[in-house]
Amino acid sequence: QGQIVESGGGLVQPGGSLRLSCAASGFTFSSYAMRWYRQAPGKEREMVAVISSAGGVTNYADSVKGRFTISRDNAKNTVSLQMSSLKPEDTAVYYCNVDVAATRYWGQGTQVTVAS
């Protein structure tokens, strides 16, 4: 049974930075792409970033390109999201996700609030 736990959220001022982490267990971490999603109040959940199983390929939503960086450490079963130049519109609950066979695993989410 896969498990995902996010951490690192908080309150940050516009223009600031924050690093989110996701610890995974219960599946062969190095075999699967990992994703970060976010969901703002009243909005659909959207994918923010994805990283391939070996970490060599990444992709980002247009809204975060150039500001966010996804990375992973397959030795530690962790994936991170470095967020810079944060904007109020980045405020959301951020979720880590993996699809293992037919099962979609989600963490509990971590709140990121960008406000002055």
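Note that the structure is a prediction, hence the values are computed from the model and not measured.

I tried to follow the nonpolar core on my own but got confused; where do I start?
Burial of nonpolar side chains together is a common tendency in soluble globular proteins. Counting residues in each nonpolar core, the largest one holds 31 residues, and the members touching the most others are Met34, Trp36, Val79, Leu81, Met83 and Tyr94. Breaking this core down by element, the ones donating at least two residues are strand 3 (18–25), strand 4 (34–39), strand 5 (46–51), strand 7 (68–73), strand 8 (78–83), strand 9 (92–100) and strand 11 (110–114).

Explain the state of the cysteines to me, please; I cannot follow it from the model alone.
As used here, a disulfide is simply a covalent bond connecting the sulfur atoms of two cysteines. Per the stated rule, a full pass over the model turns up one disulfide. Disulfide pairing places Cys22 opposite Cys96 at an S-S distance of 2.2 Å. One quick way to see it: the torsion about the S-S bond of Cys22 and Cys96 is about -80°, and its sign makes the bridge left-handed. Here Cys22, found in strand 3, pairs with Cys96, found in strand 9; they are 74 residues apart in sequence, far enough to count as distant. Residue Cys96 is classed as buried on the basis of its relative accessible area, which comes to 0%.

Explain the sheet that holds strand 7 to me, please; I cannot follow it from the model alone.
The pairing of strands in a sheet comes from backbone hydrogen bonds and takes either a parallel or an antiparallel form. On the basis of which strands lie adjacent, the open sheet formed by four strands has the order 1-3-8-7 and antiparallel pairing. The open sheet is flanked by strand 1 (3–7) and strand 7, the only strands paired with a single partner. Put simply, the sheet's adjacent strands are angled 15° from each other on average, direction ignored.

Conventions and cut-offs
Residues numbered from 1 in each chain as written. Predicted model: local features only at pLDDT ≥ 70, side-chain atom pairs only at ≥ 80, totals over all residues. Heavy atoms only, no water. Core = buried A, V, L, I, M, F, W, Y, C linked by side-chain atoms within 4.5 Å. Buried < 20%, exposed > 50% of the residue type's maximum accessible area, 1.4 Å probe, protein only. Helix = DSSP H or I, 4+ residues; strand = E, 2+ residues; numbered from the N terminus. Disulfide = S-S within 2.5 Å. Pairing = 2+ DSSP bridges. Axes fitted to C-alpha atoms, helices over the stretch in contact; angles between N-to-C directions.

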